[in-house]
Amino acid sequence: MAKSNLSFPEGFLWGGATAANQLEGAYKEGGKGLNLADVLPGGKARLKLLSQAGFDFEMDTTKYSYPNHEAIDFYHRYKEDIALFAEMGFKVFRLSIAWSRIFPNGDELEPNEEGLAFYDRVFDELHKHGIEPLVTIAHYETPLHLIKEYGGWKNRKLVEFFERYVKVIFNRYKNKVKYWLTFNEINGATHMPLFGLGFSPTSEETRLQESFQGLHHQFVASAIAVKLGHEIIPESQIGCMLIYAPVYAYDSNPENVMYAQQESRIFNNFCGDVQVRGEYPSFINRYFRENDIDIAMEDGDLELIKEGTVDFISFSYYMSRTEKKKKSPEEVGHGNLVGGIKNPFLEASDWGGWEIDPIGLRISLNELYDRYQVPLFVVENGLGAYDKVEEDGSVRDDYRIDYLREHIRAMGGEAIDDGVELMGYTAWGGCIDLVSASSGEYAKRYGFIYVDKHDDGSGTLDRKRKKSFFWYQNVIETNGEEL
Ligand code: BG6
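Rules used in this analysis
- Per chain, residue numbering runs from 1 following the sequence as it is written.
- The predicted nature of this model means local features are confined to residues of pLDDT at least 70 and side-chain atom pairs, given and counted, to a pLDDT of 80 or more, with totals for whole chains, interfaces and linings taken over all residues.
- Here the side-chain values reflect all heavy atoms present in the structure, with hydrogen atoms and water set aside.
- One heavy atom within 4 Å of a molecule or strand makes the whole residue count as near it.
- Here a polar contact is recorded for every N or O atom pair within 3.5 Å, except that within protein the pair must consist of a potential hydrogen donor and a potential acceptor, and residues adjacent in sequence are included only if both atoms are side-chain atoms.
- Accessibility throughout is a Shrake-Rupley quantity obtained with a 1.4 Å probe, and a residue counts as covered only by protein chains that appear here.
- Classification convention: Asp, Glu, Lys, Arg as charged; Ala, Val, Leu, Ile, Met, Phe, Trp, Tyr, Cys, Pro as nonpolar; all other residues, Gly among them, as polar.
- Each pair of strands is called paired provided DSSP finds at least two bridges between the two strands.
- Secondary structure elements are taken from DSSP: a helix is a run of H or I of four residues or more, a strand is a run of E of two residues or more, and numbering for both begins at the N terminus.
- A fitted line through C-alpha atoms represents every axis, and for helices the fit uses only the stretch in contact; the resulting angles, taken between N-to-C directions, go from 0 to 180 degrees.
- For this analysis, a salt bridge means a side-chain nitrogen from Lys or Arg found within 4 Å of a carboxyl oxygen belonging to Asp or Glu.
- When accessible area is computed with a 1.4 Å probe and restricted to protein chains, residues below 20% of their type maximum are described as buried, those above 50% as exposed, and intermediate ones as partly exposed.
- Two rings from Phe, Tyr or Trp (for Trp, the six-membered ring) form a pair when their centres are within 6.5 Å of each other. A pair whose planes differ by under 30 degrees is stacked, one over 60 is edge-to-face, and the rest are tilted.
- A ring is scored as having a charge over it whenever the NZ atom of a lysine or the CZ atom of an arginine sits within 6 Å of its centre and within 35 degrees of its normal.

(A) Spatial organisation of the site of the ligand. The immediate surroundings of the ligand are formed by 14 residues, with E185, E380, A437, S438 and Y446 found nearest. Between the ligand and the protein, one listed contact pairs an oxygen atom with a backbone N or O atom of A437 at 2.7 Å. Within the side chain of S438, one N or O atom sits 2.4 Å away from an oxygen atom of the ligand. Taken by itself the ligand offers 380 Å² of open surface, and the protein chains cover 95% of this. Class assignment of the residues belonging to the shell around the ligand gives a composition of six nonpolar, five polar and three charged.

The structure is reproduced here in structure tokens:
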């Protein structure tokens, strides 16, 4: 194993990241209500839905499968899974609370005790193994009732329901959870409002107006959560969560450089500016004007946003984006999931639209730290790939190890040396295979632990350590010195 010159600070939080809807299963147990993920079909149909208007949020089991219903059954197997995370040496485990386990419809006055008790058991189990929970409060799982009855985050009423929800979970888990994140990938909203904002745009013309209005409601809700969290749990650290994709100009044509800058400001900077600096940035005024966006605000919203700024920035990093102002018809639609065009210098993963770019992680860390000067936390990064179980039962996922090694090097060998303050790293699904969010497949695997479950419904759900399991265990043990 080659020694590296990597330097990670003492106490660096190594671990893995997940979301309730992608691993728990038990979608109707313990008094849980339905949420967004429960009505999203698996496979190609899902990706289409995410980007088109007019989804009716109805299930049709005659046409589709719904893998999130069973997911990997963490609900019943959490003890076995947490023991495996502990074996890898995890310091932290990122998970989300499914809002609809706590408030099945989302608008009740009283919470569901069975749901609260489930997370008590999970947090206790983590602490038993010395693992710190890092909890996402909202990770693409808005209660379905809030979507159908209220229209999701377009509706201001959700701020009130969210406040009730966070009050309950902060009070309940105040002695168990110190690290919190408010809204997962909040800035992904304008691309895919369905996921984060819980609505399907009325039409393509109204998409931006509705999305930015929904975002405003989430900014207010997040600020309320930060304020409440600090009051109820004085030692808590509460972060925002962004999807960060540095935007490169296709070439040195100033038109393209300018275009890349504009796109980056809207996608990468806007939400962070509001949540970290506590103000709408001045550049957004022109964008709103030119796109006929008019945000309805209530008195006191801007003050609240100013008072409820986050303690740190967490973000997911999977890819960069390459932009050109005038794209030819052949170039359109050949960029990454976050847009743009194909970058001729980068290879993509098994899933098109996910170009692999470890240097982009260093660029992201530097851009974020230069802009905000607050601690950063990489809470998602990883390679979704097809894995093969060999005849001897092993899974030799060297491609995953290669991917992670380069990304970890971009943090420890480079960005930290560049001066970035980095709290930790939680590889996505890094702990364990789960249901993919964008494609609803089991086949797109990220884990260090293989789960025997397949898209045709077959599989025992048995867990198995992959080669990457032992590799990551050593990375943690040596605090990143051996990659
Ligand atoms: C992030 C999400 O966008 O990417 C996760 O926060 C998701 O929920 C992850 O699973 C990887 O994406 P996918 O679509 O490959 O599962």
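Text resumes after the structure shown.
(B) Layout of the sheet that holds strand β10 (residues 422–428). A barrel is described by the order of its strands in space; here eight strands give the closed sequence β1-β2-β3-β4-β5-β7-β9-β10, paired in parallel fashion. This sheet shows a mean twist of 25° between the axes of neighbouring strands, independent of strand direction. One ladder, built from three bridges, connects strand β1 (residues 13–17) with strand β2 (residues 92–96); its direction is parallel. Residue pairing in the sheet places G16 in a bridge with F93 of β2.

(C) Quick look at the pattern of salt bridges. This structure, assessed with the given rule, holds 41 salt bridges. A salt bridge links R164 to E160, with the nearest nitrogen and oxygen atoms 3.5 Å apart. Here the residue R164 and the residue E160 both occupy positions in helix α7 (residues 157–172), the gap between them amounting to four residues, near one helical turn. Notably, a salt bridge pairs R321 with E323, separated by 2.9 Å at the nearest N-O pair. Each member of the pair, R321 as well as E323, carries the same accessibility label: buried.

(D) Main features of the packing of aromatic side chains. If you walk through the whole model with that rule in mind, you get 41 aromatic pairs. Taking the centre distance of 5.9 Å and the plane angle of 85° together, the rings of Y78 and F118 count as edge-to-face. Taken together, the residues span a long stretch of sequence, with Y78 in helix α3 (residues 74–88) and F118 in helix α5 (residues 113–128) at a distance of 40 residues. A relative accessible area of 0% means that F118 is categorised as buried. Centre to centre, the rings of F162 and Y165 are 6.0 Å apart; their planes meet at 70°, and the pair counts as edge-to-face. With F162 and Y165 both in helix α7, this residue pair falls three residues apart, about one helical turn. Positioned above the aromatic ring of Y250 is the side chain of K324, whose terminal nitrogen or guanidinium carbon lies 4.7 Å from the ring centre.

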